[in-house]
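One letter stands for each residue in the lines below.
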Amino acid sequence: MERIPVQQIIPEDADSRVFNLYEKKEKIYIRSMEGVFQRLRLYTGWPLLLGYFLLPWFQIEGRQAVFFNLPEQQFNIFWLTLWPQDFILLMWTLAIAAFALFFVTTLWGRVWCGYTCPQTVWTAIFSWVEQITEGERHQRINLDKIPSFFSRGGRNRAGAMKVLKRGLKHGMWLGFAALTGITFVGYFYGIRDLVSEALVWQLSLTAVSWSVFFTLATYINAGWLREHVCIYMCPYARFQSAMFDKDTLIISYDKYRGERRGSRKRNISYKETGLGDCIDCTLCVQVCPTGIDIRDGLQYECIGCAHCIDACDSIMEKMDYPKGLISYTTEHKLAGGSWTWRRPKLIGYGVVLLILCLLFSSILFMRTPVRLDVLRDRGQLYQEVAGGLIENVYILKIINMSDDVQSYALSLDGLTNVQILPQTVFEVAPREMQEQIVRVRANPDELVDFNTEFEFTIEAVGESANARIRTSAESRFFGPRPLVQSR
Ligand code: SF4
Ligand code: SF4
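Residues numbered from 1 in each chain as written. Chains lettered and ligands numbered in written order. Predicted model: local features only at pLDDT ≥ 70, side-chain atom pairs only at ≥ 80, totals over all residues. Heavy atoms only, no water.

**Q** Please explain helix α2 (residues 87-108) as it appears in this structure.
**A** Every α-helix carries 3.6 residues per turn, so stepping three or four residues along brings you back to the same face. For α2, spanning 22 residues, the distance from its first C-alpha to its last is 31 Å, which sits close to the expected 32 Å at 1.5 Å a residue. Restricting attention to buried positions, one finds in α2 the residues L89, W92, I96, T105, T106 and L107. On its buried face, α2 sits against β5 (80-82), α10 (235-239) and α15 (344-366). (Helix = DSSP H or I, 4+ residues; strand = E, 2+ residues; numbered from the N terminus. Expected span 1.5 Å × (residues − 1). Buried < 20%, exposed > 50% of the residue type's maximum accessible area, 1.4 Å probe, protein only. Contact = heavy atoms within 4.5 Å.)

Structural data, given as structure tokens:
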């Protein structure tokens, strides 16, 4: 039997650490850091937070500006009201959001994760609460070492302080999580109704259950799971590398400048010792919310928060070295090249995104602000009425998607000499759906088949009528067999 030759592909001198995939992950104590990018994160995080909490309180023409009213099947997004029939628009929105994410990721890497992702923003707030209640990194490490007040040997002042600090932290976490959960439910329930009903203890069980669910989800995700959501649960972290190319903005350590790393005294000319600019202070690791060492290269755990850039820049400043040992850069730049936008992937995503946006805008603009759905009465196929006429019954659902009261005239195409009862003009309030039972009577001699296809058409009439406000829906008219007459 022929042997398959194998060869060693890992160099003999390679770092041969063995990773246990099931090993217990060590708790990360994030060190707080200030700097240019942390200020930038504040400037992006606060508007998002304020937007999230305040948006449901805004009203437009007496209704909640952003309101996903599930019982009435209306989705108000500022001046636009969408209905379940506009599901296709939701598909378009999702497609645009996906391609926008692909485009931004190819261009700027994980800026979404670092600056705007709700998980990052909420985790940053929870970390800040932890810092003001339990102290800085070293104080939190020491606090964890203090025996629990409820254990033997823990009933002392330090143990009591630990309980107090932890209680305060979890209380604040739960308070903020409750605010988040209630606001989220307010987008679907109506925030004013939710709060006023809660104040008089008359909230429905559904509202209470969902509020508790989202409160706990926020508390667990931002308080306990934190970076685990990004590393193990978020699918984006796994596939974003497929969008990267050599000109994508990444956060990277400049190993050519930094190595050989090593500590040194400030006033010693280290160049003579053969050391690079990295003084191996590990500050970049201590501030990292996912606990990685950026000096090991680009890793999928890196959420692009730029904590390490600020940390390293502060060290470089103290050492009187140029800033930027860790920086936003690209693989091309690191290899001595320059950045370019002429990349097939970037252009491809950009073109698709542009086309999707144009198509979406035109669909939205051309959208007819009235909808007609027709259901046949399931009780009976047809009945014979006075005068030998054949009657079919239909249920019409007319949705006025405009902001004005509209009158619609009903007509039929495909059937001749028919009577429509009880009326042919319907007035529908703005953003309302009206259900109408309509009886259609036809002379059996006029029918060419026992099953005739025809169309209901409604058209806006009156002063505010507009030629665009017209729509149709197909249905069938049944009669007795045989109805085919020679003509
Ligand atoms: S913060 Fe900068 S100098 Fe300190 S270990 Fe990290 S890369 Fe080296
Ligand atoms: S290495 Fe850590 S600190 Fe640096 S950007 Fe990535 S996640 Fe943030």
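After that view, the rundown keeps rolling.
**Q** What is the right way to read the packing of helix α1 (residues 36-54) against helix α4 (residues 118-134) from this model?
**A** Between two packed helices, the angle of one axis relative to the other and the distance separating the axes together describe the packing. Orientation of α1 relative to α4, taken along the N-to-C sense of each, is 100 degrees, at an axis distance of 10 Å. With respect to each other, α1 and α4 are oriented roughly perpendicular. Here R41, G45, L49, Y52 and F53 of α1 come into contact with α4, specifically with T120, V121, W122, A124 and I125. For the contact of α1 with α4, the residue count by class is 7 nonpolar, 2 polar and 1 charged. (Axes fitted to C-alpha atoms, helices over the stretch in contact; angles between N-to-C directions. Parallel < 35°, antiparallel > 145°, perpendicular 65-115°, else oblique. Nonpolar A, V, L, I, M, F, W, Y, C, P; charged D, E, K, R; others polar.)

**Q** How do you make sense of the site of ligand 2 when you look at a structure like this?
**A** Neighbouring ligand 2 are 13 residues; C288, C302, C305, A306 and C308 lie closest to it. Classifying every residue of the shell around ligand 2 gives 10 nonpolar, 3 polar and no charged. (Near = heavy atom within 4 Å.)

**Q** Just to check I follow, could you spell out the domain arrangement of the chain for this structure?
**A** Many analyses report the size of an interface as the accessible area lost when the parts associate. When cut into domains, the chain gives domain 1 (245-334) and domain 2 (370-478). Centre-to-centre, using C-alpha coordinates, domain 1 lies 72 Å away from domain 2. (Domains from an automatic or database assignment.)

**Q** Any chance you could explain the packing of helix α6 (residues 157-189) against helix α8 (residues 205-225) here in plain terms?
**A** Running from N to C, α6 and α8 point in directions that differ by 135 degrees, and their axes come no closer than 7 Å. The angle between α6 and α8 falls in the class oblique. The element α6 and its partner α8 pack so that their crossing is right-handed. From α6, H170, W173, L174, A177, A178, T180, G181, I182, F184, V185 and Y189 reach across to α8, where they touch A207, W210, S211, F214, T215, T218, Y219, G223 and W224. Tallied by class, the residues present in the contact of α6 with α8 amount to 13 nonpolar, 7 polar and no charged. (Left-handed = near helix turned anticlockwise from the far one by under 90°.)

**Q** Explanation requested: the side chain of Q436 in the structure shown.
**A** Relative to the assigned elements, Q436 resides in strand β14 (residues 432-442). Classification of Q436 as buried rests on a relative accessible area of 16%. A polar side-chain atom of Q436 sits 2.9 Å from a polar atom in the side chain of Q434. With residues near it in sequence (within four places) discarded, Q436 still touches Y394, I395, L396, Q423 and F426. (Polar contact = N/O pair within 3.5 Å; in protein donor to acceptor, adjacent residues only side chain to side chain.)

**Q** Which parts of the structure should I look at to understand the packing of aromatic side chains?
**A** Each aromatic ring pair is characterised by the separation of its centres together with the angle its planes make. Applying the stated criterion across every chain, the model contains 26 aromatic pairs. Relative to W122, the ring of Y52 lies with its centre 5.4 Å away and its plane at 90 degrees, an arrangement referred to as edge-to-face. Here Y52 is found in helix α1, whereas its partner W122 is found in helix α4, with 70 residues between them in sequence. Here the two residues Y52 and W122 agree in accessibility, since each one is buried. Through successive ring pairs, a cluster of aromatic residues spans Y52, F53, W122, F126, W173, F176, Y187 and Y219. Taking NZ or CZ as reference, R155 lies 5.4 Å from the ring centre of F149, over its face. (Phe/Tyr/Trp six-rings, centres within 6.5 Å; stacked < 30°, edge-to-face > 60°. Lys NZ or Arg CZ within 6 Å of the ring centre and 35° of its normal.)

**Q** How should I be thinking about the sheet that holds strand β13 (residues 425-428) in this particular structure?
**A** Sheet strands pair by backbone hydrogen bonding; their relative direction is either parallel or antiparallel. Within the open sheet, the 4 strands sit side by side as β13-β11-β15-β16. Their pairing is antiparallel. Two strands lie at the open edges of the sheet, namely β13 and β16 (470-478), each paired on one side alone. Neighbour-to-neighbour, the strand axes of this sheet turn through a mean angle of 30 degrees, independent of strand direction. Strand direction decides the pairing type here: strand β15 (residues 451-461) and β16, joined by 9 bridges, are antiparallel. Its bridge partner being in β16, E459 is matched across the sheet by R470. (Pairing = 2+ DSSP bridges.)

**Q** Explanation requested: the pattern of salt bridges in the structure shown.
**A** Opposite charge on two side chains lets them pair, provided their charged atoms get close. Applying the stated rule across the entire model yields 20 salt bridges. In this structure, R261 and E259 form a salt bridge, with 3.1 Å as the shortest nitrogen-oxygen distance. For the salt bridge of D293 with R295, the shortest nitrogen-to-oxygen distance reads 3.0 Å. Through salt bridges with shared partners, a single ionic network connects K27, E130, E134, R140, D144, R166, K169 and R226. (Salt bridge = Lys/Arg side-chain N within 4 Å of Asp/Glu carboxyl O.)

**Q** Help me understand the state of the cysteines, please; the structure alone is not making it clear to me.
**A** What we call a disulfide is simply a covalent bond connecting the sulfur atoms of a pair of cysteines. Following the criterion strictly, the structure yields 0 disulfides and no others. With no disulfide of its own, C230 has C117 as its nearest cysteine by sulfur position, at a separation of 6.4 Å. (Disulfide = S-S within 2.5 Å.)

**Q** Can you walk me through helix α13 (residues 307-319) in this structure?
**A** An ideal rise of 1.5 Å per residue puts 18 Å on 13 residues; α13 measures up with 19 Å between its terminal C-alpha atoms. Most of α13 sits out of view: 11 of its 13 residues are buried. Buried within α13 we find H307, C308, I309, D310, A311, C312, D313, S314, I315, M316 and M319. Check the buried side of α13 and you find it contacts α1, β6 (250-253), α11 (255-258), α12 (283-286) and β7 (326-329). D320 lies just past α13 and shows a positive phi near 65 degrees.

**Q** Can you walk me through the sheet that holds β5 in this structure?
**A** Strands sit in the order β3-β4-β5 across an open sheet of 3 strands; the sheet is antiparallel. The open sheet terminates on both sides in strands that have one partner only, identified here as β3 (66-69) and β5. Across the sheet, the axes of successive neighbouring strands diverge by a mean angle of 15 degrees, strand direction being ignored. Here 3 bridges tie strand β4 (residues 74-77) to β5, and the two strands are oriented antiparallel to one another. For F75, the partnering residue across the bridge sits in β5 and is L82.

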